[in-house]
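Chain by chain, the residues run as shown.
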Amino acid sequence: MRPARPLLESPHFLSLLLLGAVAWSLTGVAWGEPLLHTGGGDSALDMLLALFPPDLSPAFLLVCLQAAWHTLSIALASITLAVLIGFPLGVMASGALVSPDSRLRAPLMLSSRFVLGTVRSIHELVWAVLLVAAIGLSPLAAIVALGLPYAGILGRIYAEFLEDTPEEPLTALRSAGASSWQTLVFGRLPMCTPDLVSYTFYRFECSIRSAAILSFVGIRGIGYEIQLSLGDLLFSQVWTLLLALLAIVALVDFWSGRVRQSLLES
Amino acid sequence: MPNGYHSTPGLKDATAPLAVVDNVTKTFPRVTALDHVALTIGAGERVALVGPSGSGKTTLLNLLSGMAQPDSGVVAVGGRDLSHNLPRRELSSLVGIIHQQLDLVPQLPVVHNVLAGRFGHWGVLRSFLSMLWPQDYHLAVAALQQMGIADKIQERTGHLSGGEQQRVAIARTMVQSPLLVLADEPVSSVDPARAQEILQLLLALTEDTGRALVASMHTPYLVSQFFSRAIGLKDGQVHFDIPAPELTQAIQSDLYGLGQEESIPHQD
Amino acid sequence: MIETREPTGYRQRQRRKLTFARLSFYTFLALIAVAWAYIFVEGDSGFTLLLEGRTWDNAGKFLTRLAGAGQDERPAFLQPEQWWATGRLAYNTLAMSVLAIGIAGFGAFLTFIFAARNISSGSLGGTPSRLGAAVYYFLRILYAFTRAVPELVWAMLIVFFLSPGILPGALALGVHNLGIMGRLAAEVVEDMDPAPARAMRASGAGIFQIFLYAILPQTLPHFITYLLYRWEVVIRTTVVVGFVSAGGLGLEMRLNLSFFHYDQVTLLILWYLLLVTGVDFLSAWMRKMARFE
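Residues numbered from 1 in each chain as written. Chains lettered and ligands numbered in written order. Predicted model: local features only at pLDDT ≥ 70, side-chain atom pairs only at ≥ 80, totals over all residues. Heavy atoms only, no water.

(A) Structural detail: the sheet that holds strand β7 (residues 180-183) of chain B. Residues and elements named next belong to chain B. Spatially, six strands are ordered β6-β7-β8-β3-β9-β10 in an open sheet, and the strand pairing comes out mixed. Where the open sheet ends on each side, the last strands, each with one partner, are β6 (95-98) and β10 (237-243). Within this sheet the neighbouring strands show an average axis-to-axis angle of 20°, counted without direction. (Pairing = 2+ DSSP bridges. Helix = DSSP H or I, 4+ residues; strand = E, 2+ residues; numbered from the N terminus. Axes fitted to C-alpha atoms, helices over the stretch in contact; angles between N-to-C directions.)

So, in structure tokens, the structure goes:
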């Protein structure tokens with residue numbers, strides 16, 4: 001028999017707390033002023049009707065295709081950078097490289113975790129704004145802006161995967177005289193390769209969406225084209241671009257689903 | 001009221017059998033689960049269904065509960081044909097079933113799991129209100145008192161022991177108060193001492209005149225101790241139908257396939 | 001030999017699967033190579049800038065000005081009244097994130113049950129109907145669409161017709177997360193243990209009672225946990241929707257960047273980091289509470 005749950009742990013209390021928070025957030029809305037722009041309702045309607053049909057002229061489809069490839073190439077480049085930075089940091093953060101009784105272990109793990117945590121907690125678009133201000137508008141700024149927070153995320157998850165490998169095979173390797181490096185390369189890494197690969201692929205999917213919105217600081221790609229079309233009030237073009245973005249993401253989603261499945265089954 | 005029950009709904013005709021299974025056949029894609037089975041169960045009877053697994057016990061219970069429909073034949077309880085898509089309120093006052101797995105909601109406090117037996121009588125508003133302010137609370141208290149776990153009424157069901165959860169499930173059926181109580185393997189995975197307790201509690205459900213209990217059972221000595229009638233099923237047919245005390249070891253060995261030829265499914 | 005006893009079909013399937021994964025891996029590597037080549041060939045990639053001293057000078061200058069050097073007055077992040085002045089924005093940003101979670105939570109809560117396959121097919125109670133199936137597909141497509149369009153794009157569309165403030169930002173974030181929450185919640189219902197619901201149906205419960213007493217208690221803890229996780233993501237993204245004039249810290253950050261008030265930018269980033277850390281902490285605390293077991 002367990003003691004009755006204290007008030008703070010009761011599910012009703014949490015629900016009330018959440019409802020209260022939402023009610024509080026509603027006070028932040030300026031209800032006194034009109035919520036819609038003048039003519040806002042009409043433009044919303046225009047926007048919706050422009051879906052039927054989206055702009056499918058060959059010339060614009062070519063623009064779409066180019067923009068999609070721009071976005072995709074930025075995503076591919078930045079995920080490379082993210083793996084290159086995130087993997088070593090993740091290995092360090094997992095503590096797999098230093099023996100458990102080494103004095104270096106704690107400082108090494110903590111410092112790499114701190115670096116990963118910091119780059120992760122700043123959104124990629126904030127990175128982009130800062131980088132564009134610092135080194136100017138270029139694909140480089142976009143790649144670094146995406147690569148840093150993604151390195152933070154990948155590094156943390158890599159570290160978790162490496163830590164969660166079963167201990168027994170590693171102990172066997174160690175007792176056979178393997179060094180930390182050798183246990184990493186012949187023990188931990190092969191055991192979690194499927195997880196590492198499929199997670200990286202999943203993040204690649206996310207990076208496409210991120211690359212699309214990075215265009216808003218002025219880097220070419222789908223987001224940039226959406227901004228241009230919106231500026232010209234060409235809503236049917238906006239829809240085409242949105243559908244193109246959905247199509248790439250769905251395609252990569254399908255592909256990574258197949259890869260995950262085949263990795264899990266083998 | 002002697003126990004957790006509210007008043008017993010009377011039968012239209014006191015002499016009519018409480019449940020009738022008339023020439024019922026039920027087939028599944030690969031097997032015939034019940035093959036022209038005919039039974040009548042009277043008020044006050046405590047029936048044990050015995051037989052090897054796959055003999056059709058569970059199918060028969062499901063048909064009696066109204067959750068499944070026969071391919072041919074009629075299943076009626078309290079004079080009502082169960083195939084006639086009865087309103088859930090009426091069906092719940094005719095039959096109640098306790099599954100082997102109990103199937104309680106572990107996250108809910110005990111009181112709500114017990115009061116689920118009243119859902120057939122509640123509308124939408126009352127059910128909603130009960131979430132905040134349990135309705136028909138006295139019924140839940142009385143049923144849990146009878147089960148000896150009234151102090152657990154506000155506890156999370158998932159935190160209770162297996163035996164206590166079984167009592168909660170029985171309390172739910174008590175609150176539901178059906179004419180025919182069905183129990184699927186109620187004591188299959190408990191130790192002998194607990195099995196005795198649980199059967200006693202199940203019998204308390206049908207103490208009132210005008211009700212009956214049907215349970216599928218595995219243990220012969222418990223059957224002869226607690227039940228009034230034993231029905232042996234085999235290959236979807238009634239193999240024997242005898243007073244429970246006569247359920248001898250000899251019949252058991254026949255039923256469970258000591259006579260090897262008997263256990264081969266017949267093709268006719 | 002042991003190998004010969006293995007069915008050959010199995011080994012062939014194994015090989016084919018491995019080939020698919022390996023082929024995908026090489027395709028992916030090739031794509032990466034093409035992408036990098038394209039970035040360098042296509043035009044000014046910016047990498048040559050790294051070789052110029054001017055770039056590093058500029059970056060250094062930018063960093064020192066972020067740190068507050070090179071101006072007459074004290075940097076903004078060392079002035080308490082500046083903290084106080086921008087605190088209002090942080091407060092609004094927090095409200096925006098909570099409102100966004102509220103919109104996503106309510107929207108998903110009202111719909112997720114109809115987007116679960118085991119509900120629309122009637123296997124938990126109720127009767128299957130054409131309408132139920134139509135609603136199921138409609139909701140699944142709606143979820144897929146709302147979550148596939150990035151928050152920032154939603155914000156761009158919404159500021160077209162909504163007055164600036166925290167509402168457009170919250171709506172943009174809310175709509176995007178509605179799709180994420182709806183799908184997650186529907187999947188939780190689909191993975192749920194159906195037995196308690198069926199047992200309730202057997203004892204006379206209707207579809208509404210089954211929802212209230214069997215489905216909700218089993219799914220709500222998961223739902224709230226996911227919602228809190230999403231809140232952590234949303235607070236990071238509030239700044240982003242702010243960039244497109246949806247209000248809060250983001251809008252102010254963009255304005256200050258274009259006026260070269262870099263010490264103000266630092267102050268806003270500090271507020272942002274504070275909010276992010278605070279929300280992470282709060283969410284972890286509440287998730288512990290939501291661990292109803």
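(B) Spotlight on the packing of aromatic side chains. Applying the stated rule across the entire model yields 23 aromatic pairs over all chains. Each ring, one from F161 of chain A and one from Y199 of chain A, has its centre 6.3 Å from the other, and the planes form 75°; the classification is edge-to-face. Placement of F161 of chain A in helix α6 (residues 139-163) and of Y199 of chain A in helix α8 (residues 180-214) is noted, with a sequence separation of 38 residues between them. Ring geometry for F109 of chain C versus F112 of chain C: centroids 6.1 Å apart, planes at 50°, classification tilted. Residue classification places F112 of chain C among the buried positions, given a relative accessible area of 2%. Taken together, the ring pairs connect F201, F204 and W255 of chain A together with F28 of chain C into an aromatic cluster. Over the face of the ring belonging to Y229 of chain C we find R287 of chain C, whose NZ or CZ atom lies 4.1 Å from the ring centre. (Phe/Tyr/Trp six-rings, centres within 6.5 Å; stacked < 30°, edge-to-face > 60°. Buried < 20%, exposed > 50% of the residue type's maximum accessible area, 1.4 Å probe, protein only. Lys NZ or Arg CZ within 6 Å of the ring centre and 35° of its normal.)

(C) Just the interface of chain B and chain C, in detail. At the junction of the two partners, chain B supplies 27 residues and chain C supplies 19 residues. Buried surface at the junction of chain B and chain C, both sides included, amounts to about 2000 Å², of which 65% is carbon and sulfur. If you sort the residues of chain B by the area they bury against chain C, D103, Q107 and F119 of chain B come out on top, with a joint share of 25%. Our count for the contact surface shared by chain B and chain C stands at zero salt bridges. In this structure, the connection of chain B to chain C is made through seven residue pairs in polar contact (both at pLDDT 80 or more). Among the elements of the structure, α2 (88-94), β6, α3 (110-115), α4 (124-132) and α6 (162-176) of chain B are those that each provide at least two residues to the side of chain B that touches chain C. The element that contributes the greatest number of residues to the side of chain B that touches chain C is α4 of chain B, accounting for five residues. For the side of chain B that touches chain C, the class distribution of residues is twelve nonpolar, eleven polar and four charged. (Contact = heavy atoms within 4.5 Å. Buried area = accessible area lost by both parts, 1.4 Å probe. Salt bridge = Lys/Arg side-chain N within 4 Å of Asp/Glu carboxyl O. Polar contact = N/O pair within 3.5 Å; in protein donor to acceptor, adjacent residues only side chain to side chain. Nonpolar A, V, L, I, M, F, W, Y, C, P; charged D, E, K, R; others polar.)

(D) Spatial organisation of the pattern of salt bridges. Across all of its chains, the model carries 13 salt bridges over all chains by this definition. One salt bridge connects K152 of chain B with E164 of chain B, and the closest N-O pair in it is separated by 2.7 Å. Linking K152 of chain B in the loop between α5 (137-147) and α6 with E164 of chain B in helix α6, this pair joins segments that are twelve residues apart in sequence. Like K152 of chain B, the residue E164 of chain B is buried in the burial classification. Residue D280 of chain C pairs with R236 of chain C through a salt bridge whose shortest N-O separation is 3.1 Å. Residue D280 of chain C is located in helix α11 (residues 262-290), and its partner R236 of chain C is located in helix α9 (residues 207-246); the two are separated by 44 residues in the primary sequence. Overlapping salt bridges bring together E45, R229 and D241 of chain B as one network.

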